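In case you want the letters, here they are:
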Amino acid sequence: MRIVTSVAAMQRLAKEFKAKNVPIGFVPTMGYLHEGHLSLVKRARDLVGNTGQVVASIYVNPTQFAPTEDLSKYPRDLARDKKLCRDAGVDILFVPSDKEMYPAGYSTYIVEESLSKTMEGASRPTHFRGVMTIVAKLFNIVLPEVAVFGQKDFQQAAVIQKMVTDLNFPLRIVVAPTVRESDGLAMSSRNKYLSPAQREQATILSQSLRYARKAVLKHPVSAAQLKSEVAKLISEKNEARLDYVAFFDPKTLKPAEQVKRGDQIALAVFFGKTRLIDNAKL
Ligand code: AMP
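Treat the numbers as computed from the prediction; the structure is a model and nothing was measured.

J.: Looking at this structure, how should I read the packing of aromatic side chains?
T.: Given two aromatic rings, one states the distance between the centres and the angle between the planes to describe the pair. Within this structure, the stated rule accounts for 7 aromatic pairs. Taking 6.4 Å as the distance between ring centres and 75° as the angle between the ring planes, the aromatic pair formed by Phe26 and Phe139 counts as edge-to-face. Of the two residues, Phe26 is situated in strand β2 (residues 24–29) and Phe139 in helix α6 (residues 127–142); the sequence distance between them amounts to 113 residues. Its relative accessible area of 0% is what places Phe26 among the buried residues. Ring centres 6.4 Å apart and planes at 80° place the aromatic pair Phe139 and Phe149 in the edge-to-face group. On the criterion of sequence distance, the pair formed by Phe139 in helix α6 and Phe149 in strand β5 (residues 146–150) is long-range, its members being 10 residues apart. Judged by its relative accessible area of 2%, Phe139 is buried. Since its relative accessible area comes to 4%, Phe149 is described here as buried. In textbook terms, an aromatic cluster arises when at least three aromatic residues are bridged by ring pairs, as seen for Phe26, Phe139, Phe149 and Phe169. When the ring centre of Tyr32 is taken as origin, the NZ or CZ atom of Arg80, which lies over that ring, is 5.9 Å away. We note Arg129 situated over the ring of Tyr109; from NZ or CZ to the ring centre the distance is 3.8 Å.

J.: How should helix α9 (residues 204–215) be read in this particular structure?
T.: A turn of α-helix holds 3.6 residues, and therefore any two residues three or four places apart point the same way. With 12 residues, α9 ought to run about 16 Å at 1.5 Å a step, and its terminal C-alpha atoms sit 16 Å apart, in line with that. Three or more residues of α9 are buried, namely Ile204, Leu205, Ser206, Ser208, Leu209 and Ala212. Contacts from the buried residues of α9 go to α8 (196–201), α10 (223–235), β8 (240–248), β10 (264–271) and β11 (274–281).

J.: Help me out: how do you make sense of the pattern of salt bridges in this one?
T.: Side chains that carry opposite charge are capable of pairing whenever their charged atoms lie near each other. Overall, the coordinates contain 12 salt bridges when judged by the stated rule. Between Asp91 and Arg45 there is a salt bridge whose closest N-O contact spans 2.8 Å. Within this pair, whereas Asp91 is found in the loop between α3 (78–88) and β4 (92–94), its partner Arg45 is found in helix α2 (residues 35–48), the two being separated by 46 residues in sequence. Of the residues examined, Asp91 reaches a relative accessible area of 21% and is grouped as partly exposed. Notably, a salt bridge pairs Lys260 with Asp263, separated by 3.2 Å at the nearest N-O pair. Lys260 sits in the partly exposed class, given a relative accessible area of 43%.

J.: Quick question: what am I supposed to make of the nonpolar core here?
T.: Counting 46 residues, the largest nonpolar core has Met10, Met101, Val135, Phe139, Phe149, Ile160 and Ile173 as the members making the most contacts within it. Contributing elements (two or more residues each) for this core: α1 (7–19), β2, β4, α6, β5, α7 (154–166), β8 and β10. Per element, the largest residue contribution to this core is 10 residues, and it comes from α6. When residues of this core are assigned to domains, at least three map to each of domain 1 (7–176) and domain 2 (189–281). Not counting chain neighbours up to four residues away, the residues in contact with Ile173 comprise Phe139, Ala147, Phe149, Ile160, Gln161 and Val164. Of all hydrophobic cores here, the second largest spans 25 residues; its members include Leu185, Phe271, Ala280 and Leu282.

J.: Just checking my understanding: could you explain the pairing of strand β3 (residues 53–58) for this structure?
T.: Successive residues of a regular strand alternate their side chains across the two faces of the sheet. In terms of burial, β3 is a largely internal element, 6 of the 6 residues being buried. Residues of β3 alternate between two faces, with Gln53, Val55 and Ser57 on one and Val54, Ala56 and Ile58 on the opposite face, all of them buried. Direction of pairing for β2 relative to β3: parallel, over a ladder of 6 bridges. In the strand pairing of β3, Pro28 is matched with Ser57.

J.: Quick question: what am I supposed to make of the site of the ligand here?
T.: The local shell around the ligand holds 16 residues, among which His37, Gly150, Asp153, Val179 and Met187 are the closest. Residue His37 places a side-chain N or O atom 2.9 Å away from an oxygen atom belonging to the ligand. Contact with the protein chains covers 92% of the free accessible surface of the ligand, which is 490 Å². Elements supplying a minimum of two residues to the shell around the ligand: β2, α2 and β5. Top element by residues in the shell around the ligand is α2. It accounts for 3 residues. Its residues assigned to classes, the shell around the ligand comprises 7 nonpolar, 7 polar and 2 charged.

J.: In this structure, what is going on with the side chain of Arg275? I would like to understand it.
T.: With respect to the helices and strands, Arg275 occurs in strand β11. At 2.9 Å, the side chain of Arg275 and the side chain of Glu120 are in polar contact.

Conventions used here
- Residues numbered from 1 in each chain as written.
- Predicted model: local features only at pLDDT ≥ 70, side-chain atom pairs only at ≥ 80, totals over all residues.
- Heavy atoms only, no water.
- Phe/Tyr/Trp six-rings, centres within 6.5 Å; stacked < 30°, edge-to-face > 60°.
- Helix = DSSP H or I, 4+ residues; strand = E, 2+ residues; numbered from the N terminus.
- Buried < 20%, exposed > 50% of the residue type's maximum accessible area, 1.4 Å probe, protein only.
- Lys NZ or Arg CZ within 6 Å of the ring centre and 35° of its normal.
- Expected span 1.5 Å × (residues − 1).
- Contact = heavy atoms within 4.5 Å.
- Salt bridge = Lys/Arg side-chain N within 4 Å of Asp/Glu carboxyl O.
- Core = buried A, V, L, I, M, F, W, Y, C linked by side-chain atoms within 4.5 Å.
- Domains from an automatic or database assignment.
- Pairing = 2+ DSSP bridges.
- Near = heavy atom within 4 Å.
- Polar contact = N/O pair within 3.5 Å; in protein donor to acceptor, adjacent residues only side chain to side chain.
- Areas by Shrake-Rupley, 256 points an atom, 1.4 Å probe, with all protein chains shown as cover.
- Nonpolar A, V, L, I, M, F, W, Y, C, P; charged D, E, K, R; others polar.

Have a look at this one:
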């Protein structure tokens, strides 16, 4: 596995592979890797085959964190991540510094004005501007044929797909299923922040998804009614504080008034300062 830290070197390598018609599959991450990330690497390998190149990136992108958020405390363990990537068959690990990605005087940002406004975008108003900017930069540096994202961040995948379509990036986005712990908690680098009591109660997210799925199994239910039922379920956990629960069309992200099978649920729940998200198709 090659480790690349400069933008120029990564772009040069990518161009060499392009010239030889070697497809590049790309998995962008913020590191502190878990099985969810590694499932994306496996998917990228399946997509480009053994003769293709799998590139993963590790970069904790400062522009997607608000000043009040956990940028400086975001978990990092590069030595462990390198080993995991090597074992998972990553060909090139791109690990740029802040100076490489945002040199002094940096001033260009990408903003999506529709899908990014609700849910994560409403709770974290500058978040998607940072995500889209860094993902667009990474696409231009890594030059992938295909990039793999996790369903865990459902809205993020939708917003990135929209950017790729709207800005004509010549690549394909593939979205891979959420990998979960055995008790249902979606894997996340942020799970590390949870106290034992919070960790135990954090299963309430996936339980809420199951509750909603069951509720609409036979007939549609009003979104207001279902939201208040999910809120009540979550309020029974003393460590949990609901940020939002949303029901929406999985393609347009338009809120549903009557929630039916096939709609999407997404929710965000705070445990102390730790904010966890999850989502599912009902
Ligand atoms: P992150 O490092 O949290 O920015 O995530 C990097 C990529 O991994 C994103 O595309 C995420 O959606 C994806 N991802 C994170 N957690 C999971 C999970 N539990 N299962 C599948 N993909 C995930």
